[in-house]
Amino acid sequence: KAGVTQTPRYLIKTRGQQVTLSCSPISGHRSVSWYQQTPGQGLQFLFEYFSETQRNKGNFPGRFSGRQFSNSRSEMNVSTLELGDSALYLCASSIGTGHTGELFFGEGSRLTVL
Amino acid sequence: SQKIEQNSEALNIQEGKTATLTCNYTNYSPAYLQWYRQDPGRGPVFLLLIRENEKEKRKERLKVTFDTTLKQSLFHITASQPADSATYLCALPHLYGNNRLAFGKGNQVVVIP
């Protein structure tokens, strides 16, 4: 079956702009998580959605937001971009029930802020 | 707060040898631990999960141990191959929420032919 699809794969923005990233989970997966990956901090949890509800939120400013649609597809938005937002943004899907589910990651969206 | 530590130095190893990576954690007693592989520019790929009541788990040439007393997991790649070259990440359930994982920063493995 098809894996997790993220779009766009690469994008360049300037400070102050906003960006929207999209994620299509594996069919049947109801949980979508977002992570930010940078060389210095590694993988940092942003938020997790399950059945259109935000179930968990990481320690990021309010400029980072997300949502999930009824078909489980998810988007995340970053407003007022800062240079430090340059990172690989990874989306991961899972079945969503139980506490030990493996995460299936997409290839990521590489954001560069100039 | 929760801390997950992996060696930041790359592990260079000769093909055919066993690569051993360490994941140490503090201030926490996780019910399970996961290992992922990440290739450059790609998303992590799940490899293995080991529960707190399991001492060892194997999958093909991979072996994971979990010592809850030492708060440590060891990840072994036996008979390593150049194709095993990648960064390996350990992950634990986050201290403050189910359905979210906290990741170590990863340990790079380079298998030399």
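Please refer to the structure higher up on the page.
Residues numbered from 1 in each chain as written. Chains lettered and ligands numbered in written order. Predicted model: local features only at pLDDT ≥ 70, side-chain atom pairs only at ≥ 80, totals over all residues. Heavy atoms only, no water.

> Account for the pairing of strand β4 (residues 31-38) of chain A, with residues named and values stated.
Residues and elements named next belong to chain A. Taken across its eight residues, β4 has eight buried, putting it largely inside the fold. The side-chain alternation of β4 yields two buried faces, one formed by Ser-31, Ser-33, Tyr-35 and Gln-37 and the other by Val-32, Trp-34, Gln-36 and Thr-38. Relative to strand β5 (residues 42-50), β4 runs antiparallel, the two being bridged by eight bridges. The partner of Ser-31 across the bridge, within β5, is Phe-50. (Buried < 20%, exposed > 50% of the residue type's maximum accessible area, 1.4 Å probe, protein only. Helix = DSSP H or I, 4+ residues; strand = E, 2+ residues; numbered from the N terminus. Pairing = 2+ DSSP bridges.)

> Go over the sheet that holds strand β7 (residues 64-68) of chain A with me, naming the residues and quoting the values.
Residue and element names in this part refer to chain A. Spatially, the four strands line up as an open sheet ordered β1-β3-β8-β7, and their pairing is antiparallel. A single partner strand is all that each edge strand has here, and the edge strands are β1 (5-7) and β7. Across the sheet, the axes of successive neighbouring strands diverge by a mean angle of 15°, strand direction being ignored. Here strand β3 (residues 19-24) runs beside strand β8 (residues 74-78); their pairing, made up of five bridges, is antiparallel. Across the sheet, Leu-21 pairs through a bridge with Met-76, a residue of β8. (Axes fitted to C-alpha atoms, helices over the stretch in contact; angles between N-to-C directions.)

> Outline the pairing of β7(A), supporting the account with residue identities and numerical values.
Residues and elements named next belong to chain A. Note that β7 and β8 share five bridges and pair antiparallel. Following the sheet pairing, Phe-64 is matched in β8 by Val-78. From the end of β7 to the start of β8, which pair antiparallel, there are five residues, and Ser-72 there has a positive phi angle of about 75°.

> I'd like a description of the sheet that holds strand β1 (residues 3-6) of chain B, backed by residues and values.
Residue and element names in this part refer to chain B. Strand order across the open sheet formed by five strands is β1-β3-β8-β7-β6, with antiparallel pairing between neighbours. At either end of the open sheet lies a strand with only one pairing partner, and these are β1 and β6 (56-59). Here the average twist between neighbouring strands, direction ignored, is 15°. Pairing between strand β3 (residues 19-26) and strand β8 (residues 72-77): six bridges, direction antiparallel. Counted as the bridge partner of Thr-20 is His-76 from β8.

> Give me the lowdown on the interface of chain A and chain B, citing residues and values where you can.
Taken together, the 26 residues of chain A in the interface contact 19 residues of chain B. Interface of chain A and chain B: buried area, both sides summed, is about 1800 Å²; carbon and sulfur atoms make up 47% of it. A salt bridge links A:Glu107 to B:Arg42; the nearest nitrogen and oxygen atoms lie 2.6 Å apart. Counting across the interface, chain A meets chain B through seven residue pairs in polar contact (both at pLDDT 80 or more). Taken together, the elements giving at least two residues each to the side of chain A that touches chain B come down to β4, β5, β6 (53-57) and β9 (87-94) of chain A. (Contact = heavy atoms within 4.5 Å. Buried area = accessible area lost by both parts, 1.4 Å probe. Salt bridge = Lys/Arg side-chain N within 4 Å of Asp/Glu carboxyl O. Polar contact = N/O pair within 3.5 Å; in protein donor to acceptor, adjacent residues only side chain to side chain.)

> Provide a residue-level description of the state of the cysteines, including the pertinent values.
Scanning all chains against the criterion turns up two disulfides over all chains. Covalent S-S linkage joins A:Cys23 and A:Cys91, the inter-sulfur distance amounting to 1.7 Å. Residues A:Cys23 and A:Cys91 are joined by a disulfide whose S-S torsion is about -55°; by sign, that bridge is left-handed. Taken together, the residues A:Cys23 in strand β3 and A:Cys91 in strand β9 connect sequence positions 68 residues apart. You can call A:Cys91 buried: its relative accessible area is 0%. Shown here is the disulfide that connects B:Cys23 with B:Cys90, its sulfur atoms set 2.0 Å apart. Across the S-S bond linking B:Cys23 and B:Cys90, the dihedral sits near 65°, which makes this disulfide right-handed. Here the residue B:Cys23 occupies a position in strand β3, and B:Cys90 occupies one in strand β9 (residues 86-93), the gap between them amounting to 67 residues. The buried category is assigned to B:Cys90, whose relative accessible area is 0%. (Disulfide = S-S within 2.5 Å.)

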